[in-house]
Amino acid sequence: QEKQQVDLTGVMSNSNDQLKVRFSEFDLGSFAGITKPKGILLEGALNGNIAINSVFKNPQMSANIRTSPIRYNDMEIGSFMLNADYQPNEELVQVEVALQNELQQGFQLAGTYNLAAAEQALNLKGQLHKTNLRMVQPFLKSLATGIEGQVSGDVHISGTLQRPSFSGLATLNQTAFQVNYLKTA
């Protein structure tokens, strides 16, 4: 695409430096080399900024990312938003993330990621509102197929990025799937 841009400005040195990355109408399809092998096809545009200060001394980072409405495996899922701020003194990343369509269907999460914690690094709480379950199909394809329906409720995510733990209360609406091992729906 002619109008997509990624601008990288700044310096990385041993003094007080700043490195900025700015995305403007960046085509999410550019990630196909990473996402397609996982069964994920994305369409949409990414906009926003990532700033990194004092890279080699006392690194600080902030991100403010937005997308246009995203198509995920030919399904419209809404616009994505990410705000993140790294607090080096506490080794915490404050995170706010949302994926919602114009009817506010989707999810919102807020909380922290503790870089110093080995076991309970994640502490995110959020809400799901009529979130389309087909979004999780690529991640559960070894367990279940034909996932349909919606989920609403509250969720708490703890654990680590490699082994997240989900807890909460959810309501499933018009849900169907086939358990691969049993071949039953």
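Computed from a predicted model, the values in this text were never measured in an experiment.

So, how was this worked out
Residues numbered from 1 in each chain as written. Predicted model: local features only at pLDDT ≥ 70, side-chain atom pairs only at ≥ 80, totals over all residues. Heavy atoms only, no water. Helix = DSSP H or I, 4+ residues; strand = E, 2+ residues; numbered from the N terminus. Buried < 20%, exposed > 50% of the residue type's maximum accessible area, 1.4 Å probe, protein only. Salt bridge = Lys/Arg side-chain N within 4 Å of Asp/Glu carboxyl O. Phe/Tyr/Trp six-rings, centres within 6.5 Å; stacked < 30°, edge-to-face > 60°.

## What about the overall build of the protein?
Logical step 1: Counting its secondary structure elements, the protein contains two helices and 12 strands.
Logical step 2: Secondary structure elements in the protein, listed N-terminal to C-terminal, are β-β-α-β-β-β-β-β-β-β-β-α-β-β.
Logical step 3: Based on the C-alpha atoms only, the size of the protein along its principal axes is roughly 60 × 45 × 30 Å.
Logical step 4: Looking at the 185 residues of the protein, the share that counts as buried comes to 33%.

## Things to note about the pattern of salt bridges
When charged atoms on two side chains of opposite charge get close, those side chains can pair.
Logical step 1: Summed over the entire model, instances satisfying the criterion amount to two salt bridges.
Logical step 2: Ionic pairing is found between Arg-22 and Asp-7, a salt bridge with its closest N-O pair at 2.2 Å. Placement of Arg-22 in strand S2 (residues 18-27) and of Asp-7 in strand S1 (residues 5-10) is noted, with a sequence separation of 15 residues between them.
Logical step 3: Note on Arg-22: relative accessible area 33%, which makes it partly exposed.
Logical step 4: Between Glu-76 and Arg-71 there is a salt bridge, with its nearest N and O atoms 3.3 Å apart.

## Brief notes about the packing of aromatic side chains
Logical step 1: For the structure shown, the criterion picks out two aromatic pairs.
Logical step 2: Centroid distance Phe-23 to Phe-26: 5.8 Å. Interplanar angle 65°. Geometry classified as edge-to-face.
Logical step 3: Here Phe-23 falls in the buried class, since its relative accessible area comes to 15%.
Logical step 4: Judged by its relative accessible area of 15%, Phe-26 falls in the buried class.
Logical step 5: A network of ring pairs unites the aromatic residues Phe-23, Phe-26 and Phe-31 as a single cluster.

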